[in-house]
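Next come the chains, spelled out residue by residue.
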Amino acid sequence: MNTWSGTWVAERLGVELAGDERLRGMLGLALRRNPKRAHLLVSNVLGKHVPQTPSVVYGHGVELGRRVRELLGDAAAGRAVVLGYAETATGLGHSVADGLGAAPYLHSTRRPVPGVATAGGFEESHSHATSHLLLPEDPSLLAGDGPLVLVDDEFSTGNTVLNTVRDLHARYPRQQYVVVALVDMRSPADAGRLEQFAREIGARIDLVTTASGTVRLPAGVLDKGQALVAEFEAATGDPQGAGRTAGPGARGTARQAPTGPQPPTDRITRVDLRWPANLPDGGRHGFTPNHRTRLEAALPAMADRIAAALPATARRVLVLGFEELMYAPLRLAAELERTTPADVRFSTTTRSPVLAVDDPGYAIRTRLAFPAHDDPADGPGERYAYNVAAAGFDAVVAVVDSAADTPALHAPGGLLARLAEHTPHVLLAVVPSYVPPVAQDAPERPATMLPEPLRGPAFSSYAPEEVGWLLQDLSDVTLEAPTEEREEAIQSGGAHYAESLPVEYQPSEEYQRLFNNALDASAARLAHAVGVVTETVLAERSPRPVLVSLARAGTPVGILMRRWAQHRHGLDLPHYAVSIVRGRGIDANALRWLAAHHDPRDVVFVDGWTGKGAITRELAQAVEAFEKAEGVTGFDPEIAVLADPGSCVRTYGTREDYLIPSACLNSTVSGLISRTVLRADLVGPDDYHGAKYYRELAGADLSVAFLDAVSARFEEVTEAACAEAKDLLAADRTPTWEGWAAVERISGEYGIHDVNLVKPGVGETTRVLLRRVPWKVLARAGAGADLDHVRLLAEQRGVPVEEVPGLPYTCVGLIHPRYTRGATGADGTAVTR
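What you are looking at is a predicted structure, and each value in this text was computed from that prediction instead of being measured.

Draft legend 1. Structural context of the sheet that holds strand 31 (residues 758-760). Pairing is mixed in the open sheet, where four strands are placed in the order 31-34-32-33. The sheet terminates laterally at strand 31 and strand 33 (801-804), the two strands that pair on one side only. With strand direction ignored, the average angle separating the axes of adjacent strands in the sheet is 25°. Sheet topology note: the strand 32 (residues 774-780)/strand 34 (residues 811-815) ladder contains five bridges and is antiparallel. Each bridged residue has a counterpart across the sheet, and for Lys776 the counterpart in strand 34 is Leu814. On top of the sheet, helix 21 (residues 738-749) reaches strand 31, strand 32 and strand 34; it is set at about 140° to strand 31, its chief contact.

Written out as structure tokens, the structure reads:
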């Protein structure tokens, strides 16, 4: 009796697979290093991790497509579009489209293509690489009203599908969606979410699967799984989840195929497929029925060329596809299976790191690791081929697209060399990477311009999923100077304020107690404002927004908005932090990265509060300049803020001027990240703006405590916040800019005559006291506990607090006139008179 390939994990973690009898034949289990999910369902029929007969892989997809056609009927099937998910379901989606008949096909991708407009995007929160792009050559492909068929290998929680439908339905509403998967593994609660969501959007959502069931996870399974992976890593010295060596049959031993001497190059043979001109290699930009007809006409001759290059003695042959390139290799493998006597199998390489254990009861027996060889947008990294080593293949046919036919593919330790260590014959077949004509003339962006965002814990104390920082790490550069010295330096040299950093002010114990008391008192009010602004954004700006905080003050607010969307709507919104500098504008490289990975129309800029509105104006000017220079449109410069006391924006949580505790501290309430830096000798034209990560302040860090204190109050304020958001949506929220008028008046009355030295509102006043050379604080007569921290800071710095009747803000901070010539003006440089 064959051992089920999930036994090893089931016995050690208590994971149970329950449902259809077919499930155990279709699925095994493995472990992966992932902070959100310890186990991996390994499909035996997908052709990704487990080599399988190509006719079985293709047949499962085609059969699902036929069932969709039966469900829809011929008329509706003729208007359907099929959308598959990268990377695992790209070939399955193609196969479903084949079974459906005349349906065009598109799959999501993680490979940005310069010159091709993004038609949408979404996040797959549990995945190893989360961001998906939709890049159809024909922008109208998704715009029809026929059924949309969404294909994934497994339907586990439904989050990815809900995110996709929510995004596309807002742009291209339709009456019917069909979700297709090999297995439906949702819990009863998740199944109910899909039905509820269909009612919310007023559309029909059907589900077609081969088998269904559930994965029963015991309490603490994530921690136990991570500990088990760590145990094997420690035992083998392999930090990526597989051991270095193990002899064949070494039961229960972590196993990665060993690297031996480099094989001779004559064991690697290139096969010229003579791929038809201008035939897409897959569905990254769309694949039509006409494309399918052309491919099928060319398949026999291409398979013959592969067969002619195989040695006559080859009895067991693997056709190995490449990440998203699954369909073309699958069809070639199926044709080879049909026309040759060899035992042909099919699988592909992958980005996902999985623990390998050489045990019959474990789904991933061996692992080959090799460097990425397609110059990926998210930078270099390891890639993997599973269950290939020690599998007894006489030959392996590696099929890659031309974008991946790079020196790294052929280098020692590259994929071809690793394959040649384990099979006597390696063939390489290269499929031309299809680039839509509109993109072929587009200038190629330097790869250095678009590095992936930094994430915690390597950069910031926030969890990696909470925010991605589109910044460069300058932690090792000395940038700090005492406040007075900074002002003098700016005065004498006309330096820009963003070229250095103030010394991080470390509050006294008394001040920290005041912060904690203020947080306790205001957490519910803050939660209410977070709910109002988030509900407003979801209703008015985008049902699937990409939150982009202005670092650093906006970052905690962006995280709270992301948490609210998750709490209230089950959304897993992408969230990034970017730099904007007065007088210099927003980081253009960050905008380029966002435009390459998301639809600019979905981007919502987030900040903590408005003062007089200088950053609001700066952002509008910067976005306009960027769009003119880059030819990229769609970014909306309107900021969403928690508090808008200056009446500068339309999207806000409140217009009251009260204490937002994240304004009370510096890095210790902002993920231990500094204010952003822009200095020519540190930040080149192709670099993100910089910032520092103050790891040494971890003992005083309150960043996550602040977020958790506010998030804990979401449930109690949900009803009231949603009601207020509904009222605001119907109200006139046109900015009056009354804050700017008040600042101009104060500037004149106090003889300052420079609005840039007047910092209105509780948040800005706090910044003056923490970072600048304050002169005095103006407090509204009768202001209460919201100013306790301001009064304490002012006392500690010897700054008078003057009560003023009728002040439109709770308080206003004034920068000391003695340093007027050195203070930073509207352009960010020294003010001189």
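After presenting the structure, the write-up continues.
Draft legend 2. Representation of the sheet that holds strand 14 (residues 343-348) within the structure. The five strands are arranged 12-19-18-13-14 in an open sheet whose pairing can be described as parallel. Pairing within the sheet leaves two strands with one partner each, and these edge strands are strand 12 (268-271) and strand 14. Strand-to-strand twist across the sheet, computed as the mean angle between neighbouring axes with direction ignored, equals 20°. Pairing of strand 18 (residues 395-401) with strand 19 (residues 426-431), which is carried by six bridges, proceeds in the parallel orientation. If you follow Val397 over to strand 19, its bridge partner there is Leu427. Running over the sheet, helix 9 (residues 289-309) touches strand 12, strand 18 and strand 19 and is turned about 155° from strand 12. The strands touched by helix 10 (residues 327-339) within the sheet are strand 13 (316-321), strand 14 and strand 18, with strand 14 carrying the most contacts at an inclination of about 175°.

Draft legend 3. The pattern of salt bridges, seen in detail. In this structure the tally under the stated criterion is 37 salt bridges. Between Asp184 and Arg186 there is a salt bridge, with its nearest N and O atoms 3.0 Å apart. In this structure, the salt-bridge partner of Asp599 is Arg601, at a minimum N-O distance of 2.6 Å. According to the relative accessible area criterion, Asp599 is buried, its value standing at 4%. The exposure class assigned to Arg601 is partly exposed, which follows from its relative accessible area of 49%.

Draft legend 4. Structural detail: the nonpolar core. Counting residues in hydrophobic clusters, the biggest one holds 111 residues, and the most contacted among them are Leu31, Leu100, Val149, Val180, Tyr362 and Leu419. With 79 residues, the next largest nonpolar core counts Leu573, Val604, Ile660 and Tyr694 among its residues.

Draft legend 5. Representation of the packing of aromatic side chains. All told, the structure shown has ten aromatic pairs when counted by the stated rule. Geometrically, the ring pair formed by Phe287 and Tyr327 is edge-to-face, given 5.9 Å between the ring centres and 75° between the ring planes. Highlighted residues: Phe287 in the loop between strand 12 and helix 9 and Tyr327 in helix 10, separated in sequence by 40 residues. Aromatic side chains Tyr576 and Trp593 sit 5.1 Å apart centroid to centroid with 65° between the ring planes, which places their arrangement in the edge-to-face category. With a gap of 17 residues between them, Tyr576 in strand 25 (residues 575-581) and Trp593 in helix 17 (residues 588-597) connect regions that are remote in the sequence. Note on Tyr576: relative accessible area 1%, which makes it buried. Grouping aromatic residues by their ring pairs yields a cluster made of Phe459, Tyr462, Trp469 and Tyr693. The side chain of Arg617 reaches across the aromatic face of Trp737, ending 4.4 Å from its centre. Seen from the ring of Trp775, Lys776 lies directly overhead, with NZ or CZ sitting 4.6 Å from the centre.

Draft legend 6. Quick peek at unusual backbone geometry. Look at the link from Ala86 to Glu87: it is a cis peptide, with omega at -5°. The residue Glu87 is located in the loop between strand 4 (81-84) and helix 5 (90-100) in this model. Cis geometry marks the peptide bond from Ala551 to Arg552, where omega comes out at 0°. By secondary structure assignment, the location of Arg552 is in the loop between strand 24 (546-551) and helix 16 (554-569). Of note, the phi angle at Asn387 is positive, near 60°, even though the residue is not glycine. In this fold, Asn387 is placed in the loop between strand 17 (382-386) and strand 18. Given the relative accessible area of 11%, Asn387 is considered buried. Even without being a glycine, Ser460 presents a positive backbone phi close to 90°. The exposure class assigned to Ser460 is buried, which follows from its relative accessible area of 0%.

Draft legend 7. Region of the structure containing the packing of helix 5 against helix 10. Packing of helix 5 against helix 10 leaves a shortest axis separation of 8 Å and a crossing angle of 65°. When helix 5 is examined against helix 10, the residues Gly91, His94, Ser95 and Asp98 are found in contact with a partner set consisting of Tyr327, Leu330 and Arg331. Among the residues making up the contact of helix 5 with helix 10, the classes are represented as two nonpolar, three polar and two charged.

Draft legend 8. Summary view of the pairing of strand 19. A large share of strand 19 lies buried, amounting to six of its six residues. Of the two faces of strand 19, the one lined by Val426, Leu428 and Val430 and the one lined by Leu427, Ala429 and Val431 are each fully buried.

Cut-offs applied
Residues numbered from 1 in each chain as written. Predicted model: local features only at pLDDT ≥ 70, side-chain atom pairs only at ≥ 80, totals over all residues. Heavy atoms only, no water. Pairing = 2+ DSSP bridges. Helix = DSSP H or I, 4+ residues; strand = E, 2+ residues; numbered from the N terminus. Axes fitted to C-alpha atoms, helices over the stretch in contact; angles between N-to-C directions. Contact = heavy atoms within 4.5 Å. Salt bridge = Lys/Arg side-chain N within 4 Å of Asp/Glu carboxyl O. Buried < 20%, exposed > 50% of the residue type's maximum accessible area, 1.4 Å probe, protein only. Core = buried A, V, L, I, M, F, W, Y, C linked by side-chain atoms within 4.5 Å. Phe/Tyr/Trp six-rings, centres within 6.5 Å; stacked < 30°, edge-to-face > 60°. Lys NZ or Arg CZ within 6 Å of the ring centre and 35° of its normal. Nonpolar A, V, L, I, M, F, W, Y, C, P; charged D, E, K, R; others polar.

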